[in-house]
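Single-letter residue listing:
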Amino acid sequence: RTYLGDEEVPLSTAEHSIFGKGVGIGNWVTNALPTFAYTFASLGSKLHSPEQSDMIRLLNAFKCIKKHKNYGICFSKDKREGTDMILENYYDASHAAEQPSRRSVSGSRTTLANCLVDYSAKIIKMISNSPQESEYRSGCRSTCGVMTLKHLLKELGIPQGAVVMW
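All residue numbers refer to position in the chain's written sequence, counted from 1. Since the coordinates come from a predicted model, pLDDT governs what is reported: local features require at least 70, and pairs of side-chain atoms require 80 or more to be given and counted, while whole-chain, interface and lining totals use all residues. With hydrogens and water excluded, all non-hydrogen atoms of the structure serve as input to the side-chain values.

A. Focus on the pairing of strand β5 (residues 115-123). Here, any two strands with at least 2 DSSP bridges between them count as paired. Going along the chain from the N terminus, every DSSP run of H or I of four or more residues is numbered as a helix, and every run of E of two or more is numbered as a strand. Looking at chain direction, strand β4 (residues 103-112) and β5 are connected through eight bridges and run antiparallel. Pairing of S106 across the sheet is with K122, part of β5. Counting the residues in the hairpin turn of β4 and β5 gives two residues, including A113, whose phi is positive at 55°.

Rendered as structure tokens:
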């Protein structure tokens, strides 16, 4: 039962601890399965006072993850497909988009052989004086992420092609 009369039942102390650990594990899992990022972000906003319905949502999310456990990044060995191991990065920035602080918003997505491997969206902490400066900051941030991925792929022994940044 999630409702007691008209009000929702809060979790007990023990359940609250389990809920917090579950949300933490779920956030870690979203690195491999980014489709669950919104679910665990919304559950994370309820950490201060979770209710029974939030615990049910958490359990349903883990059931869905268990059902999709074999989903991951699959690379084809078929050379006819033309999927070279090209690391591509798309980045952009929006100058003074965050109001009222007038901070810029930066976003990027990185693909390897047309498979999404990394994405991010962040408010740039420093205030940029121009749109070009915010694009420069976004490009620097994206380049750091791409170089980290490039070194990781090298350590894993995954052959790499060119790095393309858009």
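On we go.
B. Structural detail: the side chain of D54. Considering the arrangement of structural elements, one finds D54 in helix α3 (residues 52-67). Although D54 is buried, it makes no salt bridge; R57 carries the closest opposite charge, 4.0 Å away. Among all residues touching D54, those that are not within four sequence positions of it are F19, L43 and K46. Type-normalised accessible area, obtained with a 1.4 Å probe on protein chains alone, sets the label of each residue: buried when under 20%, exposed when over 50%, and partly exposed for intermediate values. This count recognises Lys and Arg as positive and Asp and Glu as negative, with His and chain-terminal groups excluded. For this document, the term salt bridge refers to a Lys or Arg side-chain nitrogen within 4 Å of an Asp or Glu carboxyl oxygen. We call two residues in contact whenever any of their non-hydrogen atoms come within 4.5 Å of each other.

C. Representation of the state of the cysteines. The disulfide criterion used throughout: a pair of cysteine sulfur atoms within 2.5 Å. By the definition in use, this model includes zero disulfides. Distance from the sulfur of C140, which forms no disulfide, to the nearest cysteine sulfur (C144) is 7.0 Å.

D. View of helix α2 (residues 37-44). Every buried residue belonging to α2 is among F40, S42 and L43, and all of these are buried. An end-on view of α2 places all buried positions within 160° of arc, on one side of the element. Contacts from the buried residues of α2 go to α1 (13-29) and α3. Throughout, the arc means the angular range of directions from the helix axis out to the C-beta atoms.

E. Summary view of the packing of aromatic side chains. Geometry of aromatic contacts follows a simple scheme: Phe, Tyr and Trp rings, the Trp one being its six-membered ring, pair when their centres are within 6.5 Å, and the pair is stacked under 30 degrees between planes, edge-to-face over 60, tilted otherwise. This model, assessed by the stated rule, comprises two aromatic pairs. A ring pair is formed by F40 and F62, whose centres lie 5.6 Å apart and whose planes are at 55°; its orientation type is tilted. Of the two residues, F40 is situated in helix α2 and F62 in helix α3; the sequence distance between them amounts to 22 residues. Overall, the relative accessible area of 0% leaves F40 in the buried class. Overall, the relative accessible area of 27% leaves F62 in the partly exposed class. Summarising the aromatic geometry, the rings of Y90 and W166 are spaced 6.1 Å apart at their centres and angled 10° between planes, so their arrangement reads as stacked.

F. Main features of helix α4 (residues 131-156). By this rule, a helix spans an expected 1.5 Å times one less than how many residues it contains. The end-to-end C-alpha distance of α4, which contains 26 residues, comes to 37 Å, matching closely the 38 Å that a straight helix rising 1.5 Å per residue would cover. Burial in α4 covers these residues: S134, S138, G139, S142, V146, L149 and L153. Once α4 ends, the next one or two residues include G157, with phi positive near 80°.

G. Here's a closer look at the environment of K46. The residue K46 is located in the loop between α2 and α3 in this model. Relative accessible area serves as the criterion here: at 32%, K46 is assigned to the partly exposed category. In this structure, the C-alpha to C-alpha distance between K46 and V23, residues 23 residues apart in sequence, is 9.8 Å. Non-local contacts of K46, meaning those with residues more than four positions away in its chain, are made with F19 and D54.

H. Here's a closer look at the packing of α1 against α3. Where α1 contacts α3, the two axes come as close as 11 Å, and the packing angle between them is 35°. Crossing geometry of α1 relative to α3 is assigned as left-handed. Only Q52, D54, M55, L58, F62 and I65 of α3 make contact with α1, whose side of the interface consists of E15, I18, F19, G22, V23, I25, G26 and V29. A per-class count over the contact of α1 with α3 returns nine nonpolar, three polar and two charged. Convention adopted: a line fitted to C-alpha atoms gives each axis, helices being fitted over their contacting stretch, and angles between N-to-C directions are expressed from 0 to 180 degrees. A clockwise turn of the near helix away from the far one marks a right-handed crossing, whereas an anticlockwise turn of less than a right angle marks a left-handed crossing. Residue polarity follows a fixed list, in which Ala, Val, Leu, Ile, Met, Phe, Trp, Tyr, Cys and Pro are nonpolar, Asp, Glu, Lys and Arg are charged, and the others, Gly among them, are polar.

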